[in-house]
Amino acid sequence: MPMKKKILLIFVIAALAATVVTAAACGNGTPAQSVLFNSAFEVWGKDDGKETLTYDVLRGEDVIGTFEMTGECVSGASLTVGADTVENANGIYFTSLLQVSETIDGKTVSTTTQTQTLLDTGFKVQKSYRKTVTQTGEESVTKEISGSYTDDDYTYSYKVNGEEMKTGEVSHGNFSSSAYVDNDFIYQVARLVAGSGLAFDVPYYNYDENGDLSTVTMENVSAAVTATNAAIKDLRGDFTGSDTKIYYGTQLSISLTRDFPGSGTSFSCHVISSVTENEKNTALLYALPAKITEDDITYVLTKETRD
């Protein structure tokens, strides 16, 4: 069961009055980017290495797999993004790994989705890659989407079992006035902008009845803060709370609105910003995406580590 993040989000950030920061390899140079960058630097601009977030994946009450997200600030690094090796990369490198397995119609269906995304030093995405392998009984299908970004366009290639099925190009706004991000690290972005309501432009991935990519269209997305300073419960692992230890934060609702055929499904993301223990509240050094819900699938944070 692949994740349902089939949207490429372009954030419209208007009327920003923020301080421009320049720091080590992850610097920034334009005010429109500073909301993303200033928050991102708090998470990935440190000297303590790569952050890894681990989640249980639940369908209803049943655990069906695990999800892992990583992010790190890189300087002069050699990195892999799909079939490409990027030398002397500077910026932020995101990866993720989803592994789930269920029994459907008497057959075991196992899905593994891997993503890799490279951003430059101003949080502007450069390249992205997603590979999904679905094993149903004895049959295996591999689907890949590779993308690259210029100041004006997103160019993509879609492959099934190694055969190129579709290529295309979607235009987007200039990053200095309309910051854009890739859907493969949208949960990381949610933690950076959890304090504000948002509006997005979206190249949306449309799939046919066989589950193959058919077209890519530009759509609208709206995001709203549905709760602030709210208790975030039913977490797991290292984040299991108690009557005397409660995590607090912001809840976001993000939904796709289309002229036709109508509104798409929304998903919610709870972002931890503080913890209260024995009646003492302590703010976290940076926000953590703690619980993400899409339909009946929920990703619940269990662990955060730094290498």
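Residues numbered from 1 in each chain as written. Predicted model: local features only at pLDDT ≥ 70, side-chain atom pairs only at ≥ 80, totals over all residues. Heavy atoms only, no water.

Would you explain the overall build of the chain in this entry?
Each helix and strand in the chain was counted, giving 2 helices and 15 strands. For the chain, buried positions account for 47% of its 307 residues. The long-range fraction of contacts in the chain, counting pairs at least 24 apart against all pairs at least 6 apart in sequence, stands at 54%. Here the chain has roughly 14200 Å² of accessible surface; of this, 45% comes from carbon and sulfur atoms. (Helix = DSSP H or I, 4+ residues; strand = E, 2+ residues; numbered from the N terminus. Buried < 20%, exposed > 50% of the residue type's maximum accessible area, 1.4 Å probe, protein only. Contact = heavy atoms within 4.5 Å. Areas by Shrake-Rupley, 256 points an atom, 1.4 Å probe, with all protein chains shown as cover.)

Is there a simple way to think about unusual backbone geometry in this case?
Trans peptide bonds make up most of the peptide bonds, and negative phi angles are found at most residues other than glycine. One non-glycine residue, Asn88, adopts positive backbone phi at about 55 degrees. Despite not being glycine, Asn278 has its phi angle at roughly 55 degrees, a positive value. Topologically, Asn278 is positioned in the loop between strand S13 (267–277) and strand S14 (280–294). Classification of Asn278 by relative accessible area gives exposed; the value is 59%.

How should I be thinking about the confidence of the model for the chain in this particular structure?
When pLDDT is low, close inspection of the predicted coordinates is not appropriate. Summary statistics for the chain give a mean pLDDT of 82 and a share of 80% for residues scoring 70 or more. The secondary-structure element of the chain with the lowest mean pLDDT is strand S1 (residues 10–12), recorded at 27, while strand S2 (residues 51–59) shows the highest, at 97. Segment residues 1–25: pLDDT under 50, and 100 contacts once partners within four positions in sequence are set aside and those in other chains are kept. Counting interchain partners and residues more than four positions distant, the pLDDT-below-50 stretch residues 27–32 has 23 contacts. (pLDDT = per-residue confidence, 0-100.)

Where do I start with the nonpolar core in this structure?
Most often, soluble globular proteins have nonpolar side chains that are buried together. Counting 60 residues, the largest nonpolar core has Phe123 and Tyr299 as its most contacted members. Listed in part, the 9 residues of the second largest apolar core include Leu79, Val81, Val86 and Leu118. (Core = buried A, V, L, I, M, F, W, Y, C linked by side-chain atoms within 4.5 Å.)

I keep staring at the pattern of salt bridges and nothing clicks. Help me out?
When their charged atoms lie close together, side chains carrying opposite charge are able to pair. Per the counting criterion, the structure on display carries 8 salt bridges. The partner of Asp151 in a salt bridge is Lys124, and the shortest N-O contact between them spans 3.2 Å. Of this pair, Asp151 sits in the loop between strand S7 (139–149) and strand S8 (153–160) while Lys124 is found in the loop between strand S5 (107–119) and strand S6 (125–136), placing the two residues 27 residues apart along the sequence. Judged by its relative accessible area of 42%, Asp151 falls in the partly exposed class. When its relative accessible area of 18% is taken as the criterion, Lys124 is described as buried. (Salt bridge = Lys/Arg side-chain N within 4 Å of Asp/Glu carboxyl O.)

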